[in-house]
Structure formats: C-alpha cells, structure tokens
Amino acid sequence: MRDVVIIGVGQTRVEEHWGKSLRHMAHDAVMAAMKDAGIETADALYVGNMLSGELGGQEHVGALVADFIGLRGIEAMKVEAACASGAAALRVGMFAVASGIHDVVMVCGVEKMTDAVGDEVTSGLATAADQEYEVSQGISFVGLNALLMRRYMHQFDVKHEHFAGFAVNAHKNGANNPNAMFQSPIKAETYLRASMIADPINLMDSSPVCDGAACVILAPADGYRARAKAHILASAVATDSLAIHDRRDPLTLDAVALSSQKAYAQARITPTDVDLFEVHDAFTIMAALSLEAAGFAPRGRGVCMAVDNEIGIEGRLPISTMGGLKSRGHPVGATGVYQIVEVVAQLTGQAGKNQVQGARIGMAQNIGGSGATVITHILGGV
Amino acid sequence: MSIPRNWRTRQQRYSLKAEVCNTCNKHIFPPRDVCPHCAAEKQSWTNLSGQGEVFSYTTMYNAPAGFEEYAPYTMALVKLAEGPMVTAQLTDVDAQDVKIGMPVEMVTRKLSQEGEEGQILYGYKFRPMLREAA
Ligand SMILES: [Zn+2]
C-alpha cells in the first residue's frame with residue numbers, strides 16, 4: 001500500500017445557496033481544489049452525498065458532476081453512508097490511490113438541502129435511522145438524539161445548561177471562519193433561551209439545515225511529496241446498529257470507540273498526541289458522547305470538557321476549530337470533507353485567528369446516523 | 001410505509017412477536033436472521049409480555065408527516081421486561097407526568113395515516129401500567 005497525501009483543498013461557504021444548484025456548488029469546490037493543487041485533470045472523482053435523490057430527485061451525481069466540471073469521461077461515482085458520506089468518499093479515494101489503481105483522485109462532498117421544505121428534510125434525514133422500527137413509530141432524527149441526551153442527563157446527573165459550552169465554542173470559532181454559515185458568537189444566555197425542538201434538544205443544541213460543497217485532492221506521497229499539504233496517517237471505519245434501541249449500551253458509541261482505536265493504531269499515536277479534533281457535533285450530545293468514546297474523557301464526563309472550557313483553541317483539546325457542524329454548518333454529505341479541509345488548514349498554518357499553535361496531528365470524525373457508521377481520519381503535517 | 005411492508009411486519013407491530021435464541025437464550029426483538037448477541041442462526045418464536053419501563057423520553061413538537069394529529073406527543077425508549085428495547089410513542093399520559101423508570105405496558109393503537117385517503121398504520125404504543133385494584 002502506498003502512503004497518501006493531500007495536495008489541494010477547496011470549499012464553498014456553507015449557507016442557503018438559493019442561487020446555486022448541487023452541480024454548481026460541486027463545481028466551485030472542485031475548481032478551487034484543483035487550482036490549489038495546481039492540476040488540470042484527475043484520474044477519478046468520488047462524490048460524497050446523502051440526500052440528492054431524496055430531496056432533489058437526482059441520483060447518479062458522480063457522472064453528473066464529472067461532466068459538469070468539464071471532465072466527461074473520467075471515473076466517477078457517488079458514495080453514500082448517511083451523514084458520513086463525505087468521509088466515506090474520502091476513504092474510497094484513499095483506496096484508489098493507496099492501492100496504486102489511480103494517482104490523482106478528487107473527493108468532493110456536496111449537499112443541497114434548502115431546495116426542499118422542512119417536512120421533506122426531516123424525512124430525508126430520518127432515512128439514516130431504522131425505517132421499520134424507529135421512523136415508523138413517529139420519531140425524527142432530532143428526537144433520537146433527544147432520547148440520548150435525556151438519558152445522559154438522568155444517568156450522569158447533568159443539567160441541560162452544562163452543554164452550553166459546546167455551542168458557545170462552535171460559534172466563537174465560526175465567527176472567524178469566512179466559510180461558516182453562522183459567523184457571530186453567541187452567549188450562554190442565547191443557548192439557554194433557544195426554542196425547544198424535541199426536549200431537551202433546543203435550536204442551539206442542533207446543527208442547521210444548509211447547502212455546501214468541499215473538495216480535497218489526493219495523490220501518492222511518492223512523486224507528490226514536495227506538493228503535499230498533509231499526510232493521511234489513518235483512515236478507519238466502524239459500524240453499529242442503525243437503531244439506538246438495538247445498541248449494547250445507548251450511551252456508549254461503540255463504533256466511535258472502535259473506529260478511533262483502529263485509527264490511533266494505524267497512526268501509531270495515542271489520544272494525547274492529537275492537537276485538534278474535528279468532532280461530529282451535529283448535536284451537543286453527540287459531541288459529549290464522541291469525546292468519551294474516542295478516549296478524550298471518561299464515561300459520563302465528556303460534557304465536563306465543555307464546562308471546564310478544555311475545548312477552545314487554547315484548550316487541552318481544541319474541537320470544532322472552524323465552527324464545527326453547529327456553526328460552520330452541516331450540509332450532511334459534505335460535512336466529512338469540510339472537516340478534512342479544516343484540518344489541513346490547521347496543519348498548514350492557514351487557520352487565521354483560529355490557528356492552533358504548533359498543530360502537527362489533527363483528527364476528523366464523521367458520523368452517519370446516530371452512531372451507526374463512524375469514519376475517523378488522522379492527518380499529519382508535512 | 002408500503003402495503004406489503006406493513007403486512008410483513010404486522011405480527012411484530014400488533015403483538016410484539018419476538019424470538020428466543022436457541023444458543024444463548026436471549027430474547028430478540030424485532031426478529032432477525034442472526035442473533036445480535038452471539039451470532040448464532042437458530043431462533044424460536046416467542047411472545048413478549050408487553051411490560052417494561054421508560055429508559056428515556058422526549059416530547060416531539062415538530063411531528064413528521066403522517067403524525068401531525070398527535071403533536072405534541074411523547075416518544076420513548078422502552079426497556080422491555082425480557083430484555084429488548086423498543087422505540088415507541090407513549091399514550092394515555094401527560095408529557096409532564098412521564099419519568100425515567102416509569103412502568104409501562106404495550107397497547108395496540110393507530111400510529112399514522114398517509115393523507116386523507118391513505119392507509120392507516122397500526123402498531124404498538126405504551127401507556128402507564130394499570131395497577132390491579134387492591
Ligand atoms: Zn444468541
């Protein structure tokens with residue numbers, strides 16, 4: 001297997017792109033990444049996307065995007081793993097380069113959510129859950145996370161206000177990211193006063209519905225070392241039951257633990273070596289549970305990292321350094337690629353006011369559903 | 001949910017039709033081809049008592065399509081007496097009276113309706129356990 005490096009990155013701002021369709025957003029991100037990498041073509045394109053069929057009636061977006069960006073003829077396909085589709089596409093791109101099948105590969109995560117109305121988006125997101133035994137009972141994706149949060153608060157004697165730090169940190173970091181959906185900081189009081197969606201989850205616990213596209217260009221280390229921005233030190237996937245009620249223990253994200261441990265072993269590091277962590281904070285409860293299962297906090301204590309402010313840029317473990325899913329936004333199938341673009345920014349000293357000083361090792365974790373697919377990538381600086 | 005899909009899962013939704021693993025003796029709901037506990041393939045049919053307790057709950061203010069007539073309503077994770085856990089709506093109870101650990105029992109109710117002319121889906125919900133008169 002060959003070592004794989006990232007030689008270019010590109011992204012569009014995450015927002016409600018009413019003036020742009022999925023193909024235009026993908027085009028913008030891919031062109032930015034190709035320019036960044038100094039390339040004019042590639043061997044293959046893998047598109048991470050979850051909802052193009054459900055919300056836009058458009059599947060087959062691999063060929064669609066390849067044609068639209070002027071590369072008709074190249075290998076292209078869509079990769080889907082619910083909200084982890086972006087990282088799944090990256091992993092497929094890695095297979096192609098590491099195996100020697102291809103040299104230069106483009107990975108684009110893209111999602112168009114705001115063409116649909118609220119009901120359709122709610123149903124679309126729920127396709128990540130078990131249709132026959134969760135969704136058919138009347139639960140939504142937010143509702144599933146609310147069940148986890150309520151139990152967490154009960155079992156570990158935690159109050160809702162203790163989660164405020166996750167939202168405050170995300171918005172503080174998003175304020176300095178020109179590509180973030182929300183670019184203004186919030187106060188803890190804003191979090192406490194936010195309107196309830198499915199109690200205890202309120203608007204400030206959840207990531208927004210939005211559009212976006214991001215792209216990274218992969219190549220083998222041999223031959224591209226001089227142009228490398230970051231090395232992919234680890235890429236690991238683990239799975240769990242789709243339904244929360246089928247889990248060994250609903251409050252332990254087993255697939256996060258397994259995926260993280262595999263990644264640490266591949267990169268030959270321990271959690272203490274990680275300089276920053278792009279966590280899948282689709283909901284504040286997911287941030288807490290992920291920090292625990294990934295080995296950064298003991299069980300039931302993940303939320304304390306927010307309370308004690310250990311997650312800021314200067315903290316013990318900076319998370320969501322460019323705003324995370326909460327503030328940068330969560331265009332679901334694109335999120336995993338945004339995370340990688342942001343880790344590369346940190347490792348190349350391009351993170352501006354949010355730069356984690358001396359960052360050498362960055363981890364990104366993209367979660368599909370409420371923890372059924374977990375994909376961890378660890379990147380190293382050059 | 002399509003009519004054949006509804007029909008295929010009717011026994012699970014109307015009567016919590018479940019399995020016992022012939023190898024590890026654990027209860028399995030919903031039925032599967034492979035035991036999630038020990039990966040053995042042979043199971044026997046069984047019925048569950050329908051009794052359990054609330055493991056967690058949430059009040060849904062934004063109901064998904066087909067469930068609007070009940071909003072706001074309370075969804076729960078119910079830990080069944082025999083071991084499996086299910087996701088289900090609570091009924092015959094006010095949201096503010098729901099507590100984690102509360103004993104509940106299964107009832108068959110209307111779950112959702114797909115529009116004015118669409119099929120009506122029935123299935124399990126859970127209500128507070130009715131105490132026998134002393
Ligand atoms: Zn068994």
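As shown above, the structure is provided for reference.
Residues numbered from 1 in each chain as written. Chains lettered and ligands numbered in written order. Predicted model: local features only at pLDDT ≥ 70, side-chain atom pairs only at ≥ 80, totals over all residues. Heavy atoms only, no water.

Novice: Explanation requested: the interface of chain A and chain B in the structure shown.
Specialist: Listed as interface residues are 25 residues of chain A and, on the opposing side, 34 residues of chain B. Taking both sides of the interface into account, the surface hidden between chain A and chain B amounts to around 2700 Å²; carbon and sulfur atoms contribute 58%. Considering only the side of chain A, the residues that lose the most area to chain B are Tyr133(A), Gln137(A) and Leu147(A), jointly responsible for 27% of the buried surface there. In this assembly, chain A and chain B are joined by two salt bridges. For Arg5(B), the salt bridge identified is with Glu132(A), shortest N-O distance 3.0 Å. Seen at the junction of chain A and chain B, the total is 11 residue pairs in polar contact (both at pLDDT 80 or more). (Contact = heavy atoms within 4.5 Å. Buried area = accessible area lost by both parts, 1.4 Å probe. Salt bridge = Lys/Arg side-chain N within 4 Å of Asp/Glu carboxyl O. Polar contact = N/O pair within 3.5 Å; in protein donor to acceptor, adjacent residues only side chain to side chain.)

Novice: Hey, could you run me through the environment of Val97(A) in this one?
Specialist: Residue and element names in this part refer to chain A. With respect to the helices, strands and loops of the structure, Val97 is situated in helix α4 (residues 85-98). Taking C-alpha positions, Val97 is 8.7 Å from Met1, a pair spaced 96 residues apart along the chain. Once residues lying within four places of it in the same chain are set aside, the contact partners of Val97 are Arg2, Val4, His102, Asp103, Val105, Leu218, Ala219 and Pro220. (Helix = DSSP H or I, 4+ residues; strand = E, 2+ residues; numbered from the N terminus.)

Novice: What exactly am I supposed to notice about the coordination of the zinc ion here?
Specialist: The reference angle at a metal is 109.5 degrees if four donors form a tetrahedron and 90 or 180 degrees if six donors form an octahedron. Residues and elements named next belong to chain B. Around the zinc ion, the protein supplies Cys21 (SG), Cys24 (SG), Cys35 (SG) and Cys38 (SG) as donor atoms, at distances of 2.3 to 2.4 Å. Note that the zinc ion binds four donor atoms; their angles at the metal cover 104 to 116°, and the shape is tetrahedral. Ordering the donors of the zinc ion by residue number gives the pattern C-x2-C-x10-C-x2-C. Here Cys24 is found in the loop between β1 (17-21) and β2 (27-28), whereas its partner Cys35 is found in the loop between β2 and β3 (43-47), with 11 residues between them in sequence. On the accessibility criterion, Cys24 (26% relative accessible area) is partly exposed. (Donors = N, O, S within 2.8 Å, 3.2 Å for Na, K, Ca; no water. Tetrahedral: all angles 85-135°; square planar, octahedral: opposite > 155°, others 65-115°. Buried < 20%, exposed > 50% of the residue type's maximum accessible area, 1.4 Å probe, protein only.)

Novice: Can you walk me through the sheet that holds strand β1 (residues 4-11) of chain A in this structure?
Specialist: Picture the strands of a sheet paired through backbone hydrogen bonds; they go either parallel or antiparallel. Residue and element names in this part refer to chain A. A sheet is described by the order of its strands in space; here nine strands give the open sequence β3-β2-β4-β7-β1-β8-β11-β10-β9, paired in mixed fashion. Edge positions in the sheet fall to β3 (75-79) and β9 (276-278), since each has one partner strand and no second. If you compare each strand with its neighbour and ignore which way they point, the axes differ by 25° on average. The pairing of strand β8 (residues 230-239) with strand β11 (residues 373-381) spans nine bridges and is antiparallel. Note on β11: the bridge partner recorded for His231 is Gly380. Contacts between helix α14 (residues 335-347) and the sheet are confined to β1, β4 (105-111), β7 (212-220), β8, β9, β10 (361-368) and β11, with β10 contributing the most and set at about 170° to the helix. (Pairing = 2+ DSSP bridges. Axes fitted to C-alpha atoms, helices over the stretch in contact; angles between N-to-C directions.)

Novice: Sorry, what's going on with helix α1 (residues 22-37) of chain A here?
Specialist: Because the α-helix completes a turn every 3.6 residues, residues three or four places apart line up on one side. All names here are of chain A. When the terminal C-alpha atoms of α1 are compared, their 23 Å separation across 16 residues agrees well with the 22 Å that a helix rising 1.5 Å per residue should span. Within the span of α1, buried status applies to Leu22, Met25, Ala26, Ala29, Val30, Ala33, Met34 and Ala37. Viewed end-on, α1 has its buried residues packed into an arc of 160°, placing them on one side of the element. Of the surrounding elements, those touching the buried residues of α1 are β1, α2 (52-56), α3 (61-68), β4 and β7. Gly38, located one to two residues past α1, shows a positive phi value of around 70°. (Expected span 1.5 Å × (residues − 1). Arc of directions from axis to C-beta.)

Novice: Help me understand the pattern of salt bridges, please; the structure alone is not making it clear to me.
Specialist: Within this structure, the stated rule accounts for 19 salt bridges over all chains. The shortest N-O distance in the salt bridge between Lys20(A) and Asp28(A) comes to 2.5 Å. Judged by its relative accessible area of 35%, Lys20(A) falls in the partly exposed class. Glu69(B) is the partner of Lys110(B) in a salt bridge, and the nearest nitrogen-oxygen pair spans 3.2 Å. Of this pair, Lys110(B) sits in strand β7 (residues 103-113) while Glu69(B) sits in the loop between β4 (51-60) and β5 (73-80), and the two are 41 residues apart along the sequence. Each of Lys112(A), Asp115(A) and Asp211(A) takes part in a single network of salt bridges with overlapping partners.

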